[in-house]
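Structural overview
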Amino acid sequence: MTAVSRQRVAMSGFGSVGQSLARILEARPDLPITLTAVADRRGYAANPMGLQPRALLAAKQQGSVALHPYGRKGTIDAAVLEGCGAEVFVEAASTSFDDGQPGWEYVQTALAQKLDVVLASKGPLVAHWDELHRRVEESGSRLRFSATHGAPLPAVEFATTALRGSRLRSIRALFNSTTGLLLEEMEQGRSLTEALERIGQAGVAETNPRLDVEGWDAAAKCVIVGRSVFGGRMELGQVDRTGIQGLSISDVQAASQSGGPIKLVSRIRPGDHGPEAIVSPEPLSPSDPLAALRRGALGIVYEAEPIGDLFVAAYGSGGEPTAAAVIRDVLSVRVREPS
Ligand SMILES: NC(=O)c1ccc[n+]([C@@H]2O[C@H](COP(=O)([O-])OP(=O)(O)OC[C@H]3O[C@@H](n4cnc5c(N)ncnc54)[C@H](OP(=O)(O)O)[C@@H]3O)[C@@H](O)[C@H]2O)c1
């Protein structure tokens, strides 16, 4: 049997997603992935021979990966990337949709060194789509970002493979787990503030709750999925966006009691000048497959011809399924599609 060589990975961000990735690698030594550099806000650890996930997690428990025996203050810059021999750079830090930072800086450095790039954070895509793709092309690197749009839903992959030869008319999706959970809490009579407190510990919510509640996170996913699937331009500000903050407990309860729960629905379709998207809370018909999704599950209905409607759902969300999507991407950068 041929031994599979291991992918050497540098990663920025060691929060819910990064630590889940380390726990999975600790539990699954058969996965051919070696972490050679990991950064958080306080510093980084790097070793070209590989960093044991358990030691990274232990250092983080003390406060930072910088406390690892190979830890230091500072950030993963070009010299660190070169020194640790990484082949793939994973960006899993908290992110800004305005400027894509801090990940955008790291991603540019990684691409300049011709590393493949896997994104969990949406910021670099949402803020710098064209420039990012131009740099990927220039460097000959591979870019994967399935963790950015409702991980672990394979939203773009499904559209580009299972619908090959069909015409995709539109996408309707539940892209945001947190609002699903919040609306279910409101069905139980809790206010949005109480609901946010209750789900705060689940590791699903964005650090800034406005991103979920006001629909920014779902809108960012519309940009990523819409541009990937339909091509053309669409900026975050062009998404017609309404969050769930204007809903009252009685609105949510009345809809649920009549059998058609309110969900934050994202709709994307091709337009004359690029994709068009709307994010808004909608009461769903009881027969709609999206209406049956509970406990923050995510799902997409692809409306396509002649294949008909197809429905894909993901019942897990949060750090671990997102880390699993990152692993899927890291392993897939080696798979060269036939030209
Ligand atoms: N959690 C999910 O379900 C999920 C799903 C899909 C996508 N994502 C995206 O994945 C990314 C990570 O999510 P998460 O849930 O792991 O977030 P998180 O728990 O808040 O962790 C964020 C991590 O980023 C680190 N960080 C912040 N600024 C940094 C910098 N300048 N350099 C290096 N590291 C920095 C933080 O460092 P400290 O630990 O020192 O604070 C922390 O380790 C986010 O962009 C998120 O939107 C998350």
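Residues numbered from 1 in each chain as written. Predicted model: local features only at pLDDT ≥ 70, side-chain atom pairs only at ≥ 80, totals over all residues.

1. Some remarks on the site of the ligand
As a matter of local geometry, the ligand sits amid 32 residues, with Gly15, Asp40, Arg41, Pro102 and Ser121 nearest to it. At three residues, helix H1 (residues 16-27) tops the list of elements feeding residues into the shell around the ligand. A domain-level breakdown of the shell around the ligand finds at least three residues from each of domain 1 (7-151 + 320-332) and domain 2 (155-316). (Near = placed C-beta within 6 Å. Helix = DSSP H or I, 4+ residues; strand = E, 2+ residues; numbered from the N terminus. Domains from an automatic or database assignment.)

2. Comments concerning the packing of H1 against helix H12 (residues 319-332)
Packing of H1 against H12 brings their axes to within 8 Å, and their N-to-C directions diverge by 70°. Comparing their axes, H12 and H1 come out roughly perpendicular. Between H1 and H12 lies a crossing of right-handed hand. For the pair H1 and H12, contact is made by Ser16, Val17, Gln19, Ser20, Leu21 and Ile24 and by Gly319, Glu320, Thr322, Ala323, Ala324, Val326 and Ile327, respectively. Partitioned by chemical class, the residues of the contact of H1 with H12 number seven nonpolar, five polar and one charged. (Axes fitted to C-alpha atoms, helices over the stretch in contact; angles between N-to-C directions. Parallel < 35°, antiparallel > 145°, perpendicular 65-115°, else oblique. Left-handed = near helix turned anticlockwise from the far one by under 90°. Contact = placed C-beta atoms within 7 Å. Nonpolar A, V, L, I, M, F, W, Y, C, P; charged D, E, K, R; others polar.)

3. Overview of the domain arrangement of the protein chain
Here the protein chain is described as being made up of domain 1 (7-151 + 320-332) and domain 2 (155-316). Domain 1 and domain 2 are separated by 27 Å when their C-alpha centres are compared. Residue-level contacts link 13 residues of domain 1 with 17 residues of domain 2. Its residues assigned to classes, the side of domain 1 that touches domain 2 shows six nonpolar, six polar and one charged.

4. So, the sheet that holds strand S3 (residues 43-46)
Here seven strands make up an open sheet; going across it, the order is S4-S3-S2-S1-S5-S6-S7 and the pairing mixed. Lying at the two open borders of the sheet, with one neighbouring strand each, are strand S4 (71-72) and strand S7 (143-144). With four bridges joining them, strand S1 (residues 7-12) and strand S5 (residues 88-91) adopt parallel strand pairing. The residue bridging serine 12 from the neighbouring strand is glutamate 91, located in S5. Contacting strand S2 (33-40), S3 and S4, helix H2 (residues 53-62) runs over the sheet at an angle of about 15° to S2. (Pairing = 2+ DSSP bridges.)

5. What to know about the sheet that holds strand S13 (residues 310-314)
The six strands lie next to each other as S9-S11-S10-S8-S12-S13, forming an open sheet whose pairing is mixed. Two strands close off the open sheet at either side, each with one partner strand: strand S9 (240-241) and S13. Taken together, the 10 bridges between strand S10 (residues 262-271) and strand S11 (residues 274-283) define a ladder with antiparallel strand orientation. Across the sheet, the residue bridging to valine 265 is serine 280, located in S11.

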